[in-house]
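# Commentary on secondary and tertiary structure
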Amino acid sequence: MYDNTKYFPRSIDSEHQSQSEGSSLTETDYPISHDMVHNLHGNALEEDDPDDPSGSVKSLGPTAPDSQRPSSAEPQLMIIYEEGDIDSALHFLIESAHNPFRPSVVAMVLVEEKIREEVVRRILPNLQPLSELVTEHPSFRESLQVAEALNLELIKADDTEVPPPQCSPVFVCECSHDVLGKYPTGVTSFYTFRNNQEAIDICHREALVFSDVSVWNESLDGCYEIAVALNCPHFFLNCINVPLLPISKQLAAPQNYVTIQNGYHFETLFIYNQFKSIIFPIGDLIWPSLNDENVQQTPISFLDP
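These figures come from a predicted structure and were not determined experimentally.

### Notes on the packing of aromatic side chains
Considering all chains together, one arrives at five aromatic pairs under this definition. Taking the centre distance of 6.2 Å and the plane angle of 25 degrees together, the rings of Phe 92 and Trp 216 count as stacked. Residue Phe 92 is located in helix H3 (residues 86-97), and its partner Trp 216 is located in strand S6 (residues 212-216); the two are separated by 124 residues in the primary sequence. In terms of burial, Phe 92 and Trp 216 fall into one category: buried. Plain terms: the ring middles of Phe 171 and Phe 190 are 6.2 Å apart, the flat faces sit at 85 degrees to each other, and that makes the pair edge-to-face. Here Phe 190 lies in strand S5 (residues 188-193) and Phe 171 lies in strand S4 (residues 171-173), a separation of 19 residues in the sequence.

Here is the structure:
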């Protein structure tokens, strides 16, 4: 397995020269569309109408109907690296944190140590009062009581910004959900890591079973390391909640498969007897010429026996 893509992770405000070039698309061109990245300005704080697919943004790409999403109930894991698209990752993280009892929310986020201060600084101004349904939920109240009793670090809006009895979304630092109570706890666990191995170790200590993992990192090699190490069925690299319809048949009858549709790379494969899917947005494809003798197809190193 090898990667022949030019990959451009794009933030909300970023622009690559390929976006401004006037050349027409060929059958090998799959640029990320404008709507995939730039239309991320829906109100993440409003609760969505489940019957209205035009509600707030659900993915870096097309909105995924429930039947095409990875799971209808299990939580999600998000990992944010210094080299990742922080803008987009935080958009989806903050949206999830304001609706902590919805299905498939981001229950745990790992942030690389180098950007922890920046991430916290950018989260805080976007934390608005939670709905009464959340703040009065017994699990949410119990989680806060446990966190305060254990003197855990909390990331939440200051009382001057969201005065009691209101409460903003809460991120509990360096604490697993099983300590806080029975899932769903109504809060998001927030961890800091320094390298891939440390991130993997943190995930292995968490008792929650995640439906999918959203990894925000420019290095696809680093992303694939996470996919190899974690026991999760779906891995979204630099995107989240992308519809899985293009690989639905392969998921139903497990088989290795690769396709490119709607600007995304979809891949299903067995990794050490575990069947997984990997999805990521792509820019322009570089197809090697069949006559190019210099092209060498090399496997990913960490999959070598």
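There's more to say after this.
### Some points on the state of the cysteines
One pass over the full model with this rule turns up zero disulfides. Here Cys 203 stays unpaired: no disulfide links it, and the sulfur of Cys 232, its closest cysteine neighbor, is 7.5 Å away.

### Quick notes on the sheet that holds S4
Spatially, 10 strands are ordered S3-S4-S5-S2-S1-S6-S7-S10-S9-S8 in an open sheet, and the strand pairing comes out mixed. At either end of the open sheet lies a strand with only one pairing partner, and these are strand S3 (154-155) and strand S8 (257-261). In this sheet, strand S7 (residues 234-237) lies alongside S6 in parallel orientation, the contact comprising four bridges. Directly across from Asp 212, in S7, lies its bridge partner His 234. On the sheet, helix H4 (residues 116-123) packs against strand S2 (106-112), S3, S4 and S5 and is oriented at approximately 155 degrees with respect to S5.

### Overview of the side chain of Thr 259
Considering the arrangement of structural elements, one finds Thr 259 in strand S8. Owing to a relative accessible area of 12%, Thr 259 belongs among the buried residues under this scheme. Excluding anything up to four places from it in sequence, Thr 259 contacts Pro 246, Ile 247, Tyr 264, His 265 and Phe 266.

### Here's the deal with the environment of Glu 95
Here Glu 95 is to be found in helix H3. When the C-alpha positions of Glu 95 and Leu 127 are compared, they lie 9.5 Å apart, and in sequence the two are 32 residues distant.

### Points about H4
Looking at H4, one finds that the buried residues are Val 119, Val 120 and Ile 123. The buried residues of H4 occupy one face: seen down the axis, they fall within an arc of 95 degrees. Structural note: H4 exposes Glu 117 and Arg 121 on the side pointing more than 90 degrees away from its buried face. Each element contacted by the buried residues of H4 is listed here: H3, S2, S3, S4 and S5.

Cut-offs and rules
- Residues numbered from 1 in each chain as written.
- Predicted model: local features only at pLDDT ≥ 70, side-chain atom pairs only at ≥ 80, totals over all residues.
- Heavy atoms only, no water.
- Phe/Tyr/Trp six-rings, centres within 6.5 Å; stacked < 30°, edge-to-face > 60°.
- Helix = DSSP H or I, 4+ residues; strand = E, 2+ residues; numbered from the N terminus.
- Buried < 20%, exposed > 50% of the residue type's maximum accessible area, 1.4 Å probe, protein only.
- Disulfide = S-S within 2.5 Å.
- Pairing = 2+ DSSP bridges.
- Contact = heavy atoms within 4.5 Å.
- Axes fitted to C-alpha atoms, helices over the stretch in contact; angles between N-to-C directions.
- Arc of directions from axis to C-beta.

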